[in-house]
Amino acid sequence: MSTARRLLQTNLQISQGNSVTNPVQVPNGSTNLTVQIVYSGLDADVSLTLQQSLDGGNFDTCVNENDEPVTIILDKDFTSMSINISDLLTSWIKFSLNVGDATAGLLEKIYILMN
């Protein structure tokens, strides 16, 4: 199986509140993802939750084996965070941004490696 790389230019302003990224199509057969989120200027931690879809239009929160949302916390003291996701069988993904107490910062881009 080959590896696919995607760059998702998000440019989401934290000051605009909660939002979602554009969807990304997952290549046939890819079940493992490595995701790196690049951001700047956060004044508080924010979270990104993985959503999945089979039709590219209806998205649902992706949960782990404990029925908990697959979420990564972006630490305000850093400028990037990564997460590895295995055994994901889906056709599309996107991320839901929850800004929490943050009022400033920029979610710049998301690198996605799929195989």
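Our structure's up above, just so we're on the same page.
As a starting point, this report considers the structure included with it. (Residues numbered from 1 in each chain as written. Predicted model: local features only at pLDDT ≥ 70, side-chain atom pairs only at ≥ 80, totals over all residues. Heavy atoms only, no water.)

Backbone geometry at Asn11 places phi at a positive 45°, although glycine is not the residue there. Looking at the secondary structure, you find Asn11 in strand 1 (residues 4–13). With a phi angle near 65°, Asp67 is a residue other than glycine that sits in the positive phi range. Position of Asp67 among the secondary structure elements: in the loop between strand 6 (60–61) and strand 7 (71–74). (Helix = DSSP H or I, 4+ residues; strand = E, 2+ residues; numbered from the N terminus.)

Here we take up the sheet that holds strand 4 (residues 33–40). Within a beta sheet, neighbouring strands are joined by backbone hydrogen bonds and run either parallel or antiparallel to one another. Pairing is antiparallel in the open sheet, where 4 strands are placed in the order 1-10-4-8. In this open sheet, the two edge strands, each paired with only one partner strand, are strand 1 and strand 8 (80–85). In this sheet, adjacent strand axes meet at a mean angle of 15° when their direction is disregarded. (Pairing = 2+ DSSP bridges. Axes fitted to C-alpha atoms, helices over the stretch in contact; angles between N-to-C directions.)

On to the pairing of strand 4, then. Where strand 4 and strand 8 come together, 6 bridges link them in antiparallel fashion. Its bridge partner lying in strand 8, Ile37 is registered against Met81. Here 8 bridges tie strand 4 to strand 10 (residues 106–114), and the two strands are oriented antiparallel to one another. For Gln36, the partnering residue across the bridge sits in strand 10 and is Tyr111.

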